[in-house]
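Letter by letter, the chains look like this.
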Amino acid sequence: MKPHLILLCTMLYPVWGAASPLRMDVRVHSAECLYERTANQVCFSLRIHIRAPQGSTLAEPTANPSECSPLIGVDATGRPLVGKLRSIESCMDNCRILVYDFYTRPQGGWVEFNTSILLPMSSLTYDLISEPFDPRLPGTVRVQGHAIFRSPLPFEKNEAKPNAVLFCQEYELVPLLRSVSFCNEDHSRCKSSVLSADYDETSGMTSSTCLLHPTSDLVCMVLHCMYPAKAHPIRVRLRIHAGGVTQP
């Protein structure tokens, strides 16, 4: 028999970490019931969309998702269901889709989850400041293992402004590097803006065109980084019906 899809609504429900002040939003991305009776066959799959709160970041998808905590629920007959994490997929910015596989077929008209899962996440930040450099010259800024390649760009005719500097920067996107900004040589704020940005999936490099308005000849680059993620308990509370999702 072919797989039977359970259609779900797209309502959001609050999810709270039992021992953590972090608040997250969760929604069911999709669910699928497989009715084959083959040995070791997945009978039920669940994809949960997780979005981190502002100021926090989720860890990159792990190479060993099976080491993460299982998702435990019950069906309408009271039978326990234990889901094994198959994969963690990247979604939009700072979002993940957790894919769980269940090897017991649900009975009755619904499946309920009222539990917690551990999810690697960080909410603490720190800044790395480079040595002063001249943004008008090509070069490479290196800060504690991070390398940012810089190339000056010409202004279009009649677009140049006094003391303004236009250049392209390129760097490898790493999980703990959140953003890049600039300050003047005395560490005062340097007015800047990103005119365009792009990410190359093949090379793993991020490139952006930056416009600076420094108050001196030299500036410093500021790397805004996250501390390594730690596991936080995240509350999952929802009920899945054929055709919708509700709170238990």
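What counts, and where the lines are drawn
Residues numbered from 1 in each chain as written. Predicted model: local features only at pLDDT ≥ 70, side-chain atom pairs only at ≥ 80, totals over all residues. Heavy atoms only, no water. Helix = DSSP H or I, 4+ residues; strand = E, 2+ residues; numbered from the N terminus. Buried < 20%, exposed > 50% of the residue type's maximum accessible area, 1.4 Å probe, protein only. Contact = heavy atoms within 4.5 Å. Salt bridge = Lys/Arg side-chain N within 4 Å of Asp/Glu carboxyl O. Pairing = 2+ DSSP bridges. Axes fitted to C-alpha atoms, helices over the stretch in contact; angles between N-to-C directions.

Q: Help me out: how do you make sense of the overall build of the protein chain in this one?
A: A tally of helices and strands in the protein chain yields zero helices and 19 strands. For the protein chain, with 248 residues in total, the buried portion stands at 40%. Summarising the internal contacts of the protein chain: among those between residues at least 6 apart in sequence, 67% fall at separations of at least 24.

Q: What's the story with the environment of Cys-220 in this structure? I'm lost.
A: Tracing the sequence through the fold places Cys-220 in strand β17 (residues 219–226). Considered as a pair, Cys-220 and Asp-134 are 86 residues apart in the sequence and their alpha carbons are 8.7 Å apart. Excluding its chain neighbours within four sequence positions, the residues that come into contact with Cys-220 are Ile-129, Ser-130, Glu-131, Pro-132, Phe-133, Ser-181, Phe-182, Cys-183, Asn-184, Glu-185 and His-187.

Q: Whenever I open this one, the pattern of salt bridges confuses me. Can you help?
A: For side chains of opposite charge, pairing can occur when their charged atoms come near one another. Overall, the coordinates contain five salt bridges when judged by the stated rule. Salt-bridge contacts for Arg-86 lead to Asp-101; the nearest nitrogen and oxygen are separated by 2.7 Å. Of this pair, Arg-86 sits in strand β7 (residues 80–90) while Asp-101 sits in strand β8 (residues 95–102), placing them 15 residues apart in sequence.

Q: Where do I start with the sheet that holds strand β14 (residues 177–184) in this structure?
A: The strands that make up a sheet pair up through hydrogen bonds in the backbone, lying either parallel or antiparallel. Read across the sheet, three strands follow the order β10-β17-β14 without closing on themselves; strand pairing throughout is antiparallel. Each of the sheet's edge strands pairs with one partner strand only, and the pair in question is β10 (125–129) and β14. On average, each strand axis in the sheet is tilted by 25° relative to the strand beside it, whichever way the strands run. Note: β10 against β17, five bridges, orientation antiparallel. Each residue of the ladder has a partner; that of Tyr-126, found in β17, is Cys-225.

Q: Explain the sheet that holds strand β16 (residues 205–213) here, please?
A: Ordered by their spatial adjacency, five strands build an open sheet running β11-β12-β13-β16-β15, and the pairing between neighbours is antiparallel. With partners counted over all chains shown, the strands left at the sheet margins are β11 (139–143) and β15 (191–200), one partner each. Across this sheet, the average inter-strand angle for adjacent strands is 25°, counted without regard to direction. Bridge analysis of β15 against β16 gives nine bridges, and the strand direction is antiparallel.

On their own, these measurements won't tell you what the molecule is for.
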